[in-house]
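Residue-level structure breakdown
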Amino acid sequence: KFYLKYDHVMICLPPGFKDDFFAHGWYKFPLSTYNDEQITYLSVQMHETGHNFGLSHAGINTGPKEDREHGDLSGYMGGSYDRVGFPEMCFNAPQSWELGWYTNSHL
């Protein structure tokens, strides 16, 4: 179990490894896997790392059916972009709160 020695492990698999495989971040576990070029996209890396931190998908419950799981684009747990280095943003406020990043600011 080599991955137990590290805080986070990202594995890039070669093209054609599995046709329907995009990327996968294990929930509350420090391992993410990426199919080929997916590892080059910042939003995909951050989305899968969010799962490693324990975050779920961010959707829009009142939106069209296709937006219900990944439709909230205000942070990385919504949709992903197939562009290198884009977008530069953070996890959204509710996700940051869930991660405990605002504990010294509670009312």
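As shown above, the structure is provided for reference.
Just so you know, these numbers come straight off a predicted model, no measurement behind them. (Residues numbered from 1 in each chain as written. Predicted model: local features only at pLDDT ≥ 70, side-chain atom pairs only at ≥ 80, totals over all residues. Heavy atoms only, no water.)

Focus on the sheet that holds strand β1 (residues 9-13)
On the basis of which strands lie adjacent, the open sheet formed by three strands has the order β1-β3-β2 and mixed pairing. Strands at the two margins of the open sheet, each flanked by one partner only, are β1 and β2 (23-25). Strand-to-strand twist across the sheet, computed as the mean angle between neighbouring axes with direction ignored, equals 10°. Taken together, the five bridges between β1 and strand β3 (residues 31-35) define a ladder with parallel strand orientation. By the bridge assignment, valine 9 is partnered in β3 with leucine 31. Together, β1, β2 and β3 form the strand contacts of helix α1 (residues 42-53), whose direction differs from that of β3 by roughly 150°. (Pairing = 2+ DSSP bridges. Helix = DSSP H or I, 4+ residues; strand = E, 2+ residues; numbered from the N terminus. Axes fitted to C-alpha atoms, helices over the stretch in contact; angles between N-to-C directions. Contact = heavy atoms within 4.5 Å.)

Examining the side chain of glutamine 38
Along the chain, glutamine 38 falls in the loop between β3 and α1. Taking the relative accessible area as the measure of exposure, glutamine 38 reaches 11% and is therefore buried. Those residues within four positions of glutamine 38 in sequence are excluded, and the remaining contacts are Phe22 and Val44. (Buried < 20%, exposed > 50% of the residue type's maximum accessible area, 1.4 Å probe, protein only.)

The analysis is restricted to geometry; functional conclusions fall outside its scope.
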